[in-house]
Each structure stands twice: as structure tokens, then as C-alpha cells.
Amino acid sequence: MSESLLLNINNLKTHFVLAEGVVQAVDGVHLAIGKEEVLGLVGESGCGKSTVALSILRLIRPPGKIVGGEIWFEGEDLLRKSEGEMREIRGGKISMVFQNPTSSMNPVYTVGSQIAEAIKLHQDVQKRQMKEKVVEILHKVGIPDPSKRTEDYPHEYSGGMCQRAMMAMALSCNPKLLIADEPTTNLDVTIQAQILDLMRTLRKDFGASILLIGHNLGVIDEFCDKVAVMYAGKVVEYSDITTIFKKPKHPYTQALLESIPRLDVEKERLRIIPGTVPRLIDPPAGCRFHPRCEYAMAVCGEQEPTPVEVGRGHTVACFLHTSEG
Amino acid sequence: MEQRLMTSHSRAKSKEKNEELYEPSKATRLFIVWRKLKTSKMALAGFGIILLVSLLALLAPVIAPYDPNAIGRVRVPPSTMHWLGTDAMGRDMFSLILYGARISLYVGVAAVLLEILFGLAIGMTSGYFGGIVDEILMRLTDLIMTLPTLPLLLVTVILFEQRDVNVIVLVMGIFGWPFMARIVRSEFLALRETTFVEAARSMGATPWRIITRHILPNILSTIIVIGTMDIPWYIFWEATLTFLGFGDPSSPSWGVLLWRGYIHFRMEWWIITFPGLALFFTSLGFNLFGDGLRDALDVTTRGR
């Protein structure tokens, strides 16, 4: 494992055991995030993005279970840690922002007291300094008139302000890694832009690595250093941002990129990927994308492609490229 | 006196739990609840009745015109001497009802506290941990709920050697929790899936902290409302048990007065009517107040 890596996920498998069968939500995912790097994790709904995020924090609850793999964080395997040690890490070294800002806050407490509580879990701060600290951090995330707004309840905040407050909470203990699970999904476009700006500033100020989960490729393009594309519980392509947007190799990535509207290219119709995401209880044999893939070959339905390096730091799991590489 | 203290104390305490960090909001919050409560005439009437009954119970020694055990002329109809008449043993009915209020209120409040204690413990465990624990506890709850209440209470009271108000309270507490446990469980099931609980876990909160700081405060209003509305229910059950002769005649609750009065009903109507009316109005008060409280405690729809 290289020294510059902060997080290295190796062959992570998270399954959900249901009465109808085992849902292989995450099935052999490899991911790596360097220090102060921003990794985007994209894919359709239900492809296992959020499950990866929750697995990192070990917040998967029954019937879900992490059944295999390793999650190396600062030289230690998180999957071998005790629950108590994990609690130290959650919110302390790794924290998370969720996609529904307004419901991420407990409705019965003031915003200020919730941030204070998060700080209290990891740091020794005197009651008197606590208020200052809360105000300071709310000020940092751009809440106007923070000393007054700490006394407000979450329902008195707008969606954008709630997300700012959630970021304040997540960043209150200077985490090394921030996991943002579609942080802008339920916000309108101008607020989205503001939140992204904020994340950019915070990244500079706090020096944290960020795992940004999303299906909005525009957001990913603007903000990330590297991108991992997930499909049906597996990472199909991983590369730096420019390569993936200029020269995507995996047919799924190509299709995904062609399906978003662009201002600089004239096009009659947008690309549609035929079919739907497979049910992960009985995923297709071989490459999971082959039933929807226009380049599918005989081998695709028989064997599972392993990720191969096709360029510097650019890996693809597809038989079209194994022959080349 | 004790019972009056208990109600206000438990309410104040639960409020306190919500607001540890910032002092000003505690007063604000109570004020908001009160402001919303004020808009409902029914709730205010209920509150008035509860306040009145509690005050009368509390100040019984001051208000009561006679010692409730002092014996005078028997079966005197209501008059200026004895406002509500006297009973078959010559005791002043008004004084008896005032002192009886103390016992009846005590029974109601104490039994509700027991119900909350058991219901919360069982509902919480069931709802938060789920799985096999939930299965076992819920089947036990079903079992108690399906058994007919009255025979169950009677049999259990008989099992105890002595006749005592506290025995009745205990027995009612033992069998009264299933409904509360169910509600608490279902609220826990819903709340443990919310994003804010997930967020709290992602910040490194322990299960205990999540239960006490994040989930409980959210169901507090439900518990308070159910508790308030169950108080008259327990007062009624105590009266029923007593009326059937399973009570403690040495502590004359309203039930004891009814039990003593019914044989004289044809001739001396006042002996049974006035304790009955006291019971009726108290029950009405708690129900009206509980209804109003339910609306007032909803934090997200604050009255402006």
C-alpha cells in the first residue's frame, strides 16, 4: 500500500440476506483515495454506492452484512476494529453528510445543541467555549448571523442551511475523510452550486479527503480529482477525471456519458441505455453489464472480467480491453 | 399532596431532558406549548378541572369542613351543614370526597408511572434491537392483551395477602403496560430508520446515547399524551376493583365510597352520586387535557 493513500478498499463485499435470497449489493469493490483527494463515486440508483459509504463507517445493519474484504484507513483495517474503536473513528476521523439535509437533523433539538453534541462526542470542550466554537463553525460554513441561528430548530432552517449545518457538524472534529452521499440531491440548482462552492472552500481549509457519491455527472466533473464508476455492485472503471470524461473505456461509462445533455455538442436525441439495472439477488453471470451492452461477446456471459490497467491509474473491468492490455 | 407533586415533576423533568445545552429555549418551549394549548377551549377546560381537583386534593385538610372519619348524624341529605350530605356511618360526604381525591389521584398517577416504566423498557428494547428479542417480548405483550382484564386483575389482587392501595397500583401496572409498549415499539421502529439517527451513528454516538438523546425525546410527547389519558383509566379500574370488594377499605378512595354507597342508592342517592360525579369530571378533565396536549406538543407545527 502506497504511503500517500488515506483509504484503500480491497475486494469489499456487502450482502443483504433477505427471505428471497442474498442481495449482493457490493460485490468485490476496490477503491482508493489519496490524501486531500476527492474521489467521485457514480452509478445508477441501487448500484451500491451508498452501501459502500455505509460499509466504510461500518454502519451496515441487519439484514445487511459485510462478508468480505479489507478497508485500510491510515494503515489499519477498519473491518478488524471493535465497535468501540469504530465509534471513535465515526465523526472523529471519518464523517458523513447525507442526502436529505432537512431530515438529517433531530427535530427536537436546536441546531446549535446538535453541533455541540457532535463536538462533545470527540473533544473535551468546556461548556462556555462550546457556544463560541459552535458559532465559529456555523460562521465558517456560511450561516448568516450564526450566534442567533444556533438557537433555531431544524425546521426553521431551509434545506440549504440544513446542509451547511450538517457540514459544520461533520467537519467539527476535523475529519481526515468526509463522505458526502449525494449532498446536493434534494436542493435546488443555485443552492447546489453554493454547497459545492462551500465544499471546495472547506476542502482547502480543512485539508480533508472527500468521497463524493452522486449520479450527477456535472457535479462530479466540476469537483473531483478521480472517478470510480459503479455498476451493479462492482466498480467497472476507475480513473482520473479528465481521462474518464475524454476517453472512457468501459461501454457502460461511455453510455452514461452520452446520456447527459451537453451544450457543446449538437445532438438529436440523448443516448438511452436499454434495459434496467439487474436485480442483485440473481445478477447475470459473467460481466454484469453484458445483457445491456452493445459490444457483448460470448465470453462476457461466461466469465467475470477482472480490472486491468489500461493507462496510468486507469483501470477498466471489461473484456474489450483485456485483449488489448 | 404527593400525587400532585408527581405529575408536575415528571412533566418538568421530561422537558428538562430536551434542553440541556442552551438555557433560554427551555422557557421558550414550555411557553410555546402553553400558547398552543390556550387556543383550545376544551384543553383549557380540561386543564382547569385537573388543576381544581389537584388543588382540592392538596388542600383537603384546609378545605374539608369536617374530619372525614368524624361520625355524626347518619344519612343526612345535602344541607347547609353537610353540603353533600352524610353517609351511612354519619361521615361528611364532602370531606370524604376531598380526601378520596388524594387516594384516587395517587392511584392514577402511580399506576401510569409504572405503566410508562414497564412500557418504555419493553417497547424500547423490542423496537431498537428487534429480531428474536422483539419477537419474544411482543408475543408476551399479545398474551397479556388478549387475556380479559378484569378477571386477570381480580385473580392477581387475590394472590396478594394484604388489601392495600399499593397492591392494586402494582397489579394494574403489571398488566397495564402492553399498549404503551406497543406504541413505544412502533415509534422506535420508525425513528431508528430516520436519517438523523443514521447521522448520529455516523458521528460516533453509542446505542444508549441514540436511544436516550435522539429517539426518546421524539416520542416524549406521545408518552405524555398517553400517560395523561390513562390516568382516569386507572382511577376507574381501581374504583371497579374496589367496588367489587377487592379494595382497601382503610384508604377511602372514590371507588370505596361508591362501593359503600350503592346499597343505599334507592333512598339516599347522594351517597353514591357525588363520588360518581367527582370521578366523571376528573376523567373528563384528563381526557380533554390529553387531547389538547397532543396537538400542543407537536414541535413541527408551532402556533404562531
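For the structure itself, look to the data block above.
Criteria and cut-off values
- Residues numbered from 1 in each chain as written.
- Chains lettered and ligands numbered in written order.
- Predicted model: local features only at pLDDT ≥ 70, side-chain atom pairs only at ≥ 80, totals over all residues.
- Heavy atoms only, no water.
- Helix = DSSP H or I, 4+ residues; strand = E, 2+ residues; numbered from the N terminus.
- Rg over C-alpha atoms; globule rule 2.2 N^0.38 Å.
- Buried < 20%, exposed > 50% of the residue type's maximum accessible area, 1.4 Å probe, protein only.
- Contact = heavy atoms within 4.5 Å.
- Areas by Shrake-Rupley, 256 points an atom, 1.4 Å probe, with all protein chains shown as cover.
- Lys, Arg positive; Asp, Glu negative; His and termini not counted.
- Charge placed at Lys NZ, Arg CZ, Asp CG, Glu CD.
- Pairing = 2+ DSSP bridges.
- Salt bridge = Lys/Arg side-chain N within 4 Å of Asp/Glu carboxyl O.

Caption draft 1: Molecular detail of the overall build of chain A. The number of helices and strands found in chain A is 11 helices and 12 strands. Relative to the 2.2 N^0.38 estimate, which gives 20 Å for 325 residues, the radius of gyration of chain A is 21 Å and therefore close to what a compact globule would have. With the C-alpha coordinates aligned to their principal axes, the bounding extent of chain A is approximately 70 × 50 × 40 Å. Taking all 325 residues of chain A together, 52% fall into the buried category. Look at the contacts in chain A between residues 6 or more apart in sequence, and 61% of them connect residues 24 or more apart. Accessible surface for chain A amounts to roughly 14700 Å². Of this, 50% is attributable to carbon and sulfur atoms. Here chain A contributes 37 positive and 41 negative side-chain charges, whose respective centroids are spaced 3 Å apart.

Caption draft 2: Molecular detail of the pairing of strand β1 (residues 5-18) of chain A. All names here are of chain A. In terms of strand pairing, β1 meets strand β2 (residues 21-34) through 10 bridges, oriented antiparallel. When the bridges of β2 are listed, Phe16 appears paired with Val23. Where β1 folds back on β2, the antiparallel hairpin that results is connected by two residues. Note that β1 and strand β4 (residues 64-73) share eight bridges and pair antiparallel. Bridging from a neighbouring strand, Lys13 pairs with Gly68 of β4.

Caption draft 3: Just the environment of Ile89 of chain A, in detail. Residues and elements named next belong to chain A. Take Ile89: it is sitting in helix α2 (residues 83-89). Sequence separation between Ile89 and Met169 is 80 residues, and the spatial gap between their C-alpha atoms is 15 Å. Each residue touching Ile89, except ones within four places of it in the same chain, is listed here: Leu78, Lys81 and Ile94.

Caption draft 4: Summary view of the pattern of salt bridges. Tallied over the entire structure, the rule returns 29 salt bridges over all chains. In this structure, Glu44 of chain A engages Arg292 of chain A in a salt bridge whose closest nitrogen and oxygen atoms are separated by 3.6 Å. With Glu44 of chain A in the loop between β3 (38-42) and α1 (49-56) and Arg292 of chain A in the loop between α10 (251-258) and β11 (308-311), the pair connects residues that are 248 residues apart, well separated along the chain. Exposure remark for Glu44 of chain A: the relative accessible area of 22% places this residue in the partly exposed category. Here Glu117 of chain A and Arg209 of chain B are joined by a salt bridge, their closest N and O atoms 3.0 Å apart. Highlighted residues: Glu117 of chain A in helix α3 (residues 111-122) and Arg209 of chain B in helix α11 (residues 207-243), drawn from two different chains.

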